[in-house]
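# Report on the structure
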Amino acid sequence: MVQGVIVENGVIQNMNPATGKLIEPAVSVATPEEIETIVSAANASQPSWSDKTLSERIEAIRRGLIAVEPIADELASVITQEMGKISAEAKLEVSNAIGLKGAWLDMVKEANEDVHLGGGEEGKAESVVVRDPLGVVVVISPWNFPAGEIPFLAIPALAAGNTVIVKPSEVTPLSGELFCRALASSLPEGVLQVVQGDGKTGEQLISSDDIHMVAMTGSTATGKKIMNVCSKKLKRLVLELGGKDPMVVFKDADLDVAANDAVANSLFNCGQVCCAVERVYVDESIQDEFEQKVLDIAKKWKVGNPTDADTTIGPLASQVQRDNVSKQVEAAIKGGAKVLYQSECPDDGQGNFYPVTVLSSLKPDMTIQNLETFGPVVAMSTFDGTEQTAIEMANSSDFGLASYVYTEDLTKGSRVARKIRSGQVGINCYSILKAQPACPWIGHKQSGFGSHSGMDGFRSFSVPKSIVFTTNAPM
């Protein structure tokens, strides 16, 4: 059971987190027999799909992304209904997914092209590295970006010649199915399918001997369960997991930029982002000035109905998530943390709303400094201003997805970044928004296994094979 979602009589109880009301239409959980049929269809379709040229597969996928455009508004609306994302952010998520049809998809193609080594005019020995598909790939998608995350896993898998089965999160089943239906409209039957259900459904699906790879975005706890199931057959994995991402603010930083980013990247999507800023470490010499700037910005954020134009934060995705955030904040306060600000928020007893919260004077041993919060909290503490302490505090976590360093001294920023153990480090920026498309998205420590995105990530869904000739290879 994820986020407290209940399955009753084979139907997911899909609740609107802003109203507490049941969302229609009802979503039925796939039966064991239906899962077996879907897996069989995926295996039957895979050889003919992989026999198509890489260009043919890429253009079919491109048409699928274009097919999302006519349903963009509907899809954004469903995302808002299912997980509470404000309308503007939901529309941005869908727009970004459709936008992958251009240069990004071309890069996926490039990553899967043959590589020729050696050879030349003199007829020297040449080797050709080609890439073989794995077979059938299961994609388990998250609820916080129910449309936006699917293509980052499913499309490279499809491009490599695999067939794909997507299991959307049971928190957002309609969003995932709507996106996949549009994407699949340009693909042969059986190449992209959807299985609905909860964790039990997912376990049955990935346990099948006829599944060859699993790619998942979600929690570290779920990732460990998936790894355990897949270890029995040594199935290949890509796991993008949780984070507890630090932001370090040195005294020479542009404090206006740093304060704005600290707030915006703690609160975006109600804080329900794997690479959200969850720990802000501020040079103690600028604490008062920085905290005031953070307060001034945080007070502009409004919690409310996610469909209202002036709302900047909607509800948390579930009561379970709201309770988790509340417990972490309450424990921090009892442990001596200072509450600098808590906003107003709806309190009708129906929605899973939580106030914008700004905390300071946090201690290293507090739960809120060690476990993923996933809520609208700006969590600040201080450090002595030295590079060594900044590095130690940033690395004082079991997670390592992304990190952020703010300083006007780029040489210092680079030194610190190289010592932080995380997959991305943004210097004076939120890295995921500014990173070049060719950058991989990967977690260090317990934030992931394998990678997706970037040339390395795109190649995670196939196996390289070297074909060796004693002369030039045939064209």
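Bear in mind that the values here come from a model prediction, so they are computed numbers and not experimental data. (Residues numbered from 1 in each chain as written. Predicted model: local features only at pLDDT ≥ 70, side-chain atom pairs only at ≥ 80, totals over all residues. Heavy atoms only, no water.)

What follows concerns the overall build of the chain. In terms of regular secondary structure, the chain is built from 16 helices and 23 strands. For 475 residues, the compact-globule estimate of 2.2 N^0.38 gives 23 Å, and the chain sits close to it at 23 Å. Dimensions of the chain, computed from C-alpha atoms along their principal axes, come out at roughly 70 × 60 × 40 Å. For the chain, the proportion of its 475 residues judged to be buried stands at 55%. The long-range share in the chain, meaning contacts at least 24 apart out of those at least 6 apart in sequence, stands at 74%. Averaging the positions of the 41 positive and the 59 negative side-chain charges in the chain gives two centres separated by 3 Å. (Helix = DSSP H or I, 4+ residues; strand = E, 2+ residues; numbered from the N terminus. Rg over C-alpha atoms; globule rule 2.2 N^0.38 Å. Buried < 20%, exposed > 50% of the residue type's maximum accessible area, 1.4 Å probe, protein only. Contact = heavy atoms within 4.5 Å. Lys, Arg positive; Asp, Glu negative; His and termini not counted. Charge placed at Lys NZ, Arg CZ, Asp CG, Glu CD.)

Right, let's get into unusual backbone geometry. The amide bond that connects Glu24 to the next residue, Pro25, takes the cis arrangement and shows omega of 5 degrees. Positive phi values are uncommon outside glycine, yet Leu234 reaches one of about 50 degrees. Inspection of the secondary structure assignment puts Leu234 in the loop between helix H9 (220-231) and strand E10 (236-240). For Leu234, a relative accessible area of 74% translates into the label exposed.

Here we come to empty space enclosed by the protein. Overall, the coordinates contain three cavities of 30 Å³ or more when judged by the stated rule. Taken as a whole, the largest cavity holds about 50 Å³ of empty space. Residue lining of the largest cavity: Lys244, Ser266, Gly271, Val277, Glu278, Thr373, Phe374, Gly375, Val377 and Ala379, and that is the complete set. Mapped by element, the contributors of at least two residues to the lining of the largest cavity are strand E12 (277-283) and strand E15 (377-383). A class-by-class count of the residues in the lining of the largest cavity yields four nonpolar, four polar and two charged. (1 Å grid on protein atoms, 1.4 Å probe; cavity = no way out; pocket = protein on both sides within 12 Å on 5 of 7 lines; lining within 4 Å. Points joined across faces, edges and corners; volume = space filled by probe spheres on them. Nonpolar A, V, L, I, M, F, W, Y, C, P; charged D, E, K, R; others polar.)

Right, let's talk about the packing of aromatic side chains for a bit. For the structure shown, the criterion picks out five aromatic pairs. Aromatic side chains Trp143 and Phe374 sit 5.7 Å apart centroid to centroid with 85 degrees between the ring planes, which places their arrangement in the edge-to-face category. With a gap of 231 residues between them, Trp143 in the loop between strand E6 (136-140) and helix H6 (150-159) and Phe374 in the loop between strand E14 (357-360) and E15 connect regions that are remote in the sequence. Judged on exposure class, the residue Trp143 and its partner Phe374 are both buried. Linked through ring pairs, Trp104, Phe152 and Phe458 together constitute an aromatic cluster. (Phe/Tyr/Trp six-rings, centres within 6.5 Å; stacked < 30°, edge-to-face > 60°.)

So, about helix H3 (residues 72-83). The end-to-end C-alpha separation of H3 is 17 Å, in line with the 16 Å expected for 12 residues at 1.5 Å each. Here H3 has its buried residues at Ala72, Leu75, Ala76, Val78, Ile79, Thr80, Glu82 and Met83. Check the buried side of H3 and you find it contacts helix H4 (87-98) and helix H7 (173-184). Just downstream of H3 lies Gly84, where phi reads positive at about 85 degrees. (Expected span 1.5 Å × (residues − 1).)

What follows covers the environment of Pro70. Take Pro70: it is sitting in the loop between helix H2 (54-66) and H3. Each C-alpha atom of the pair Pro70 and Glu392 lies 49 Å from the other, and the pair is 322 residues apart in sequence.

Turning next to the sheet that holds strand E3 (residues 27-28). Taking strand neighbours across the sheet as the criterion, the three strands line up as E1-E2-E3 in an open arrangement whose pairing is antiparallel. The open sheet has two free edges, formed respectively by strand E1 (7-8) and E3, since each of these has just one partner strand. Judged from the two bridges that link them, strand E2 (residues 11-12) and E3 form a sheet pairing that is antiparallel. Bridge pairing links Val11 to Ser28 in E3. (Pairing = 2+ DSSP bridges.)

Of the pockets and cavities examined, the second largest pocket occupies roughly 990 Å³. Lining the second largest pocket are 34 residues, and of these Asn96, Glu149, Phe152, Ile432 and Leu433 lie nearest its centre. Broken down by secondary-structure element, the contributors of at least two residues to the lining of the second largest pocket are H4, helix H10 (255-267) and helix H15 (431-434). Element by element, the count of residues in the lining of the second largest pocket is highest for H4, at five residues. Of the residues that constitute the lining of the second largest pocket, the class distribution is 19 nonpolar, 10 polar and five charged.

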